[in-house]
Every structure is written in C-alpha cells, then in structure tokens.
Amino acid sequence: MTMKPKKSAYGTIAVLLTILAFGEGEIYIATLEGEPIVSYQGGLDGFEGTAVDADEKIDVTSDLVIAYSRHLEKKHDMLLGMLFDHGTYEKLYSYRHLINGFAVHLSPEQAEVLRRAPGVISLERDWKVRKLTTHTPQFLGLPTGVWPTGGGFERAGEDIIIGFVDSGIYPHHPSFAIDRMDPYGPVPKYRGKCEVDPDTKLSFCNGKIIGAQYFAEAAKAAGAFNPTVDFASPLDGDGHGSHTAAIAAGNNGVPVVMCQHEFGKASGMAPRARIAVYKALYRLFGGFVADVLAAIDQAVHDGVDILNLSVGPNSPPSTTKTSFLNPFDATLLSAVKAGVFVAQAAGNGGPFPKTLVSYSPWIASVAAACDDRRYKNHLTLGNGKVLAGIGLSASTHPNHTFTLVAANDVLLDSSATKHNPTDCQRSEVFNKNLVEGNILLCGYSFNFVVGTSSISKVSETAKRLGAVGFVLAVENVAPGTKFDPVPVDVPGIVIIDVTKSMELIDYYNASTVRDWTGRVKSFKAAGKIGEGLMPILHKSAPLVALFSARGPNIKDFNYQDADLLKPDILAPGSLIWSAWSPNGTDEADYLGHKFAMVSGTSMAAPHIAGIAALIKQKHPRWSPAAIKSALMTTSTVLDRAGRPIQAQQYSDAETMKFVKATPFDYGSGHVNPRAALDPGLIFDAGYQDYLGFLCTTPGIDSREIMNYTNSRCNYTIGHPSNLNGPSITISHLVGTQTVTRTVTNVAQEETYLITARMDPAVAIDTNPPAMTLKAGASRRFTVTLSVRSVTGMYSFGEVLLKGSRGHKVRIPVVAMGYQR
C-alpha cells in the first residue's frame, strides 16, 4: 500500500471560507442581558436562582431550571417578534444553559436593527469551524498500568459519559457494540435523547451509545447542508466522528481488519465509558459555530462528564478584543463551571509558531505526537538497487522478480491520455494482456493531494488488471509534504523520495526497448515489492508531529502573546487506527471500510478525553481543573530512550528535520496515564479564578467580560500569570516578577522539596524550598523570575516538586525578558 499527504488526514481539509446563504441572509449569534441558567443568582420576580456552584452539574429536571429556561426562550422570541415581521427571519436556536442568547437567520439590514435593540449586548455573524483529525493503549501503558486499578478494561470508564461534538457516529461498528453477557445498566444522571435513523427506523443508541442527536439548523439556513451526503440524523457521513469516539471510548480488543490483513486490535482509552453523540460537523464544509454552540449547550444540559472537541475555528475571533472571549469560548467556560472537562484539539497549522486554535485556560488544548510505530517498505530493482518507500501491504513472491510496466506504455489507445492515465485510477484504459502478471508503475500527481485520485483506486486498478502489484512514484511534491500509509489488498509501494523515484524511472527507461516511434518493443525492467505490514517500533517516540499546532498562545486577533501556555499537553495523534464509517467520504482511501488510520490533533484530543474519563472514574469529585492539572503535572518530557522529546520541523530547505521540543510544542509534556491517576498534588482553579485571569489580561474591556460572562471584575489575581494553573508564562518580563501558586495534596501527608531551573537569560527562584502538606491540605508557594539578559527569545524552564513518598510534580515555566 502506500501513503498519502496530509490533507484531510490532518484535519486541514479545505472548507468553504464564505457563508453560503439564501439571498442576502446571514446567520448571527446574539447574546443578551441577563444570566443563563448556569449563573443566574435570582432577582427576577417569580424566578428563583438556578446558578450552580463551581464544578457542579445543572439539575435540568428541577422546576426552577425548567421555569427559568422557558422564561429565557420566551424573551428571545418576544424580542424578535417585536422587531421583525413574522416570516422575515428564522430563529435557529435559543441558548439558555451556558450563555443567554440565540442564533437567527436575518438580512444584514435586520441585523443592524437587532444590534441596536435594547438588551442586546453583542451580535456576531456566525463563523466556520473545521475538523482538526489500536496501538496507543499499549504505548500509553493502559492495559498494565491503569485499567487494572479500575477493575480491568471491563470496567475502565464505567458510567462516565463522554460527549462528542463531531460528525456523528456509525452505530453498527464493533467498537460500539454491546456485550450481551455484560450489559450496560441505566445512567440516571444522563438526560439526553436518542434519535431514530429515518431509513432503518432503529435507534442510534444501545447502552454503549447513550445519546445521539444532530444539529444542522445553521448549516441548512446557510444552504450548505446536503441531506444526501450529510444525513439528517446522527449518522456519520464523514468518518471523523466515529474515529474520535472509538479512540476515547471504543470497545477493547476489536480486530482491525482491512484488505484481508489484521493490523492488531483496537481499543478506546476508556473502553467502558458511555458515548453521547452531538453531530454538528459535516463533510464538505466543516461546521457553523451556531450549530456547535447548540450541541455543546445540549451536551451540558444532558449531563456529560467529559466533552471532546476535535474541532476549532479557522483563526482567532476578529469581532472581540481577545481570543478568550467569544460565544464559543464563553460557552466552554460555562461548561467548565458546570463541572464538564473539555478536551480540544490544538489545531493542525504546525510546525509554524502561533498556529493554535485553542486558546483559553479553562480548556485542555491537546497537541499531537507520533508514537513508536512506523511503517516502512522497499522496492528491489532488477539491477540490485533497493529503494525505500511506504507500502502497507503483503510482498510479491519473495524469491521472484517481476516485470515493471509503466502506465503510459500499456494504454489501450492514445485517446486514453485525457483521463490522466498515470494516476492508474481507471482499469478500462489499460491493456490487461500487457499488465497481467507484472508490476504496474504509476505516477503520483497533484490529484492525490486534492483527493480526486486515491491509492486505494490504484490498488483496485492493479487487481482488476491482474497485476501482481503496483508502484506509485512521486516525481514532484511540495517541500515538507508528509505521507500516510494506506492499507491495500495487492502488493504496493509508494516511493516518496523524489530522488529515489527518479532512480526508478531512469532504470525503467534504460531497461525498456522501444522502436523509433517510442512504442515499447520489450519490457526488461524488473523488481519485487517487500512486505510492509509489520510496524517498526522506535525508541525515539513520542515525537511532536509536524502538523501539530505550536505556541506561543495569543490573546487577540493581532497575535499578541498571551501570559498563558498553550498547548497544554501532548498525546498520540499520528497514524492512529480507529473506527470509521463505511458511509464516510472524508478519506477517499477508506471509502466503504470500517477502520481508518489517520492523523491530526483531532486524534490526540480523544486520547486525553478518554484518559480524563479514567481519572474522573477514580476521583469523581475532582474539578475539571484538577483533572487537567493531574494530566499536566505528571506528563513526561523524555522519549522512550530517555532523551528530551524532539519535534518534527522544517529545515531551511523545507525538508524534514528534528529539533529539541519546547513547551510551545508539547505544553507540559506527553501524557502519562498511570501517573495522572495519582498526581500527589493538584493546582485547582474555578470560575472565579478564570474571571480573575480575564480581568487582569491587558487590553480586555471589563464591559466585554460582563457581556460574555454576566460577571463584574470584582476579583483580581494581580497578573494573568497568577492564574493557579500547572504552568507559568510571562510573555513580557521586565526586571523581576513573582507569581504565586497554590497546591492541594490529594494523597497522604507528604513533604515536598521545591527546586527550579531556567535557561540562563532568566533567573528563577522558589520559596519556600520545602513544605509538608497533610492529606487534603493546601499551601502556597512563589516563583520569582528575573531578567539576566535580553535575548529577544523565550527562555524555558521548570519547577519541580519532589515528594518524600515518590510523587513528582513538574510544571513548565516560559518567559521572555525585556529591558526596563
């Protein structure tokens, strides 16, 4: 088989950049005065408070919540009804639980009227989001180090509900099947619903899948929704949603079988966790924020514990002064207030700086790593030369060489050239008599990059023609293009190195005898394809993937650096085997298949969501911030060989190279699930802490904070770097600055020694040097940073708290020094 470049495999699929709408209409998201359910303290006649304490679930069944919810929706309808004639607008959603507002389809003229209406505090035109898209349980040590502590894989994640805002699910996949001998019981805390497949009339739910809904009102209003390929149901028409759900919570031990080969057994991180599906992403256009907000609002209403978002915006919001405040991030802040842990893909714009699309401190932003598995293959030519390539297939007969025939030399007639025959996509244009029993040599064109040609089609062509295998030679490729292996059912290989491809072509031409017209008289080139099914395990893992988005984090549309480290953590995201929808058309090479091996931070985020479910299972009362802290402080910055983690990067010639990774590549480091279950200390934070962060971030208008949070800046933390999180970032360090942190002991009494180190340009000191904490106790410590020299570059370091009982708590430190 062979590989394909990172197109949709990285999730960086082409999406429409303009909103398609009927006539002059557009979709707008309005936020209104008055608190949503999650933060309403009372004060209106007839409506008592519904606000939840920090990290507490909303009781959506209470009469108070139901009454206030109806009140908000009625206010939304009344406002629109007073401003516009019936039939001239379409309200798509009312948002009541996490933000107070609605999505509406209006003309631009109507939007201006609504913008100026009393009680409207913001109106933003809807914008686009995009998808950010086995072996990893063993790589992460789950079967031996984590699952046994929770009762084995049979109970790993029991009764924890993970919500997926994605492209839906293929419910008939074995990764989501139920075991009749070990059925799932009811989960009374979950209040979501299950939609019915309009074609089969069967429910999407089975106990493993506990909820299934779809959200497409904005997509429909924009004219982007096509029910033929997008499906007006939770059914996955893409593949992405099934893939992410199975990574986090798929069943354990599901054989991954493709093209008559088994590539191991797949498992989710938390195989017993429940799956709640909120479809809001679609194949061709990604998704609309209005639909995504409705999905998130519904998921929190329904009672999910964990929320996985393998989705992100195309760029920072341009309508607000800060990247942390917009309807999307404000909704997620309220979700965290309601006790929901949120894992979001960091983005696929790497390896370039400031490419993150997940900005806020209340979200766990996940970068993507290559794990220890690599697939390689080789082509041995008749002259003895061995050319390296990628081919996820069986070998040709190991003791025989076979004749090579180039696609252009085995056409039925010259008119077939209009079909770009070198791509080998159509068997009917070739002379089967010349191909049968030989190796078909094809060319890798730009059509493979854009997805109009596929490697699986090459394999199909070779098989129909009776070829013993195929070779796909990459003669011209953009610098830095990365290829992923694709399973095929005939021997096949892609020669991805252009110089090696030219060696192959030169050999073929020199060996092929032609007449004066150029027609082949006899084929003399020969070769054999090696076996590429077995992965090679590397100690250089983990490695930050080339495509994974990088920091520094930004605080506004002008890309000014924020005093907050992102990404937060690194998890496997390259070449991940997982479930796929046979209906899924996102990856041409996996059309009709039930499994796919794809890459992206989309694949990294559900690893963290599933591991967070295991932590939630063991520590059900932990806050989202506590879970995030446990994941970050126990992560590792060393690879399997004990060396510092490296990152894939471009060289000056735009070829691949490896550099020492920094916190801007991996955040705190690569996730270590076993250690995260028992972190020793946690850095906890809640809603007020996040408000304090917002209120001390320079450039944010307090009125804007009020608009999005319904909260005044009555609480300050002095400087945004004082947010009590498991990292420290000062983007503009002048002279000396001291930051504070508070740790809480979640283990037995223990004494911790506190040490720190930093790059030479910045001095670092901690106080006190040691502290003893009883079980459940909290203590403060300070970290002081001082400029030694101004380099114009960031300095990196860490604070390490080493416990007498063996716990190690590490937090990254990032700072850039400036002259006074």
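Residues numbered from 1 in each chain as written. Predicted model: local features only at pLDDT ≥ 70, side-chain atom pairs only at ≥ 80, totals over all residues. Heavy atoms only, no water.

Trainee: Even after reading the chapter, I still don't get the overall build of the chain, so can you show me in this structure?
Mentor: Along the chain, the regular secondary structure elements total 19 helices and 43 strands. For the chain, the accessible surface area stands at approximately 30200 Å², while carbon and sulfur atoms represent 52% of it. (Helix = DSSP H or I, 4+ residues; strand = E, 2+ residues; numbered from the N terminus. Areas by Shrake-Rupley, 256 points an atom, 1.4 Å probe, with all protein chains shown as cover.)

Trainee: What am I meant to see in the pattern of salt bridges here?
Mentor: Side chains carrying opposite charge are able to pair once their charged atoms draw close together. By the definition in use, this model includes 25 salt bridges. Among the salt bridges present, the one from Lys91 reaches Glu73, with a minimum N-O distance of 3.3 Å. One end of the pair, Lys91, is in strand S3 (residues 90–95); the other, Glu73, is in helix H1 (residues 63–83), with 18 residues separating them in the sequence. Exposure remark for Lys91: the relative accessible area of 22% places this residue in the partly exposed category. Here Lys354 makes a salt bridge to Asp561, at a shortest N to O gap of 2.7 Å. Taken together, the positions of Lys354 in the loop between strand S15 (341–345) and strand S16 (364–370) and Asp561 in the loop between strand S29 (543–544) and strand S30 (569–572) put the pair 207 residues apart, joining distant regions of the chain. Of the residues examined, Lys354 reaches a relative accessible area of 27% and is grouped as partly exposed. When salt bridges with common partners are traced through the structure, they connect Glu73, Asp77, Lys91 and Arg96 into a single cluster. (Salt bridge = Lys/Arg side-chain N within 4 Å of Asp/Glu carboxyl O. Buried < 20%, exposed > 50% of the residue type's maximum accessible area, 1.4 Å probe, protein only.)

Trainee: So what exactly am I meant to see when it comes to the packing of helix H7 (residues 240–249) against helix H14 (residues 601–618) here?
Mentor: The relative placement of two packed helices comes down to the angle between their axes together with the axis-to-axis distance. Where H7 meets H14, the axes come as close as 7 Å, and the angle between the chain directions of the two elements is 35°. Relative to H14, the crossing made by H7 is right-handed. Contact with H7, carried on its side by His240, His243, Thr244, Ile247 and Ala248, involves Ser602, Met603, Pro606, His607 and Gly610 of H14 and no other residues of that element. In the contact of H7 with H14, the residues fall into four nonpolar, six polar and no charged. (Axes fitted to C-alpha atoms, helices over the stretch in contact; angles between N-to-C directions. Left-handed = near helix turned anticlockwise from the far one by under 90°. Contact = heavy atoms within 4.5 Å. Nonpolar A, V, L, I, M, F, W, Y, C, P; charged D, E, K, R; others polar.)

Trainee: Where do I start with the UniProt feature "active site" (unreviewed entry) in the chain in this structure?
Mentor: Taking the UniProt record as the reference, the feature "active site" (unreviewed entry) is found at Asp166, His240 and Ser602. For the residues just named, distributed over 437 residues, the greatest C-alpha separation is only 9.9 Å, placing them together at one site. With respect to the element layout, Asp166 can be found in strand S7 (residues 161–166). Side-chain polar atoms of Asp166 contact the backbone nitrogen of Gly241, separated by 3.3 Å. In this fold, Ser602 is placed in helix H14. For Ser602, a relative accessible area of 0% puts it in the buried group. Among the polar contacts made by the side chain of Ser602, one reaches the side chain of His240 at a distance of 2.8 Å. (UniProt positions renumbered as here; feature names shortened; annotations may be inferred. Polar contact = N/O pair within 3.5 Å; in protein donor to acceptor, adjacent residues only side chain to side chain.)

Trainee: Which parts of the structure should I look at to understand the sheet that holds strand S40 (residues 770–773)?
Mentor: In any sheet, the strands associate via hydrogen bonds between backbone groups, in a parallel or an antiparallel arrangement. Taken in spatial order, the five strands line up as S36-S43-S42-S38-S40 in an open sheet, and their pairing is mixed. The open sheet is flanked by strand S36 (728–734) and S40, the only strands paired with a single partner. Going from strand to strand, the sheet's axes swing by 25° on average, the running direction of each strand aside. In this structure, S36 lies alongside strand S43 (residues 808–818), joined through five bridges in parallel fashion. Opposite Thr729, over in S43, you have Val814 as the bridge partner. (Pairing = 2+ DSSP bridges.)

Trainee: Mind showing me how you'd approach the state of the cysteines here?
Mentor: Here, the word disulfide means a covalent bond between the sulfur atoms of two cysteines. Enumeration according to the criterion identifies three disulfides in this entry. The partner cysteine of Cys695 in its disulfide is Cys713, sulfur to sulfur 2.0 Å. Sign of the S-S torsion, about -80° for the bond between Cys695 and Cys713, identifies this disulfide as left-handed. With Cys695 in helix H18 (residues 687–696) and Cys713 in the loop between helix H19 (702–709) and S36, the pair connects residues that are 18 residues apart, well separated along the chain. By sequence-ordered numbering of the bonded cysteines, the chain has its disulfides arranged as 1-2, 3-4, 5-6. (Disulfide = S-S within 2.5 Å.)

Trainee: Can you walk me through the pairing of S15 in this structure?
Mentor: Two faces belong to every sheet, and in a regular strand the side chains alternate between them. Most of S15 sits inside the fold, with five of its five residues counted as buried. Pairing of strand S13 (residues 306–309) with S15, which is carried by four bridges, proceeds in the parallel orientation. Paired with Ile306 across the two strands is Phe341, which belongs to S15. Across three bridges, the pairing between S15 and S16 is parallel. Following the sheet pairing, Ala343 is matched in S16 by Ala364.

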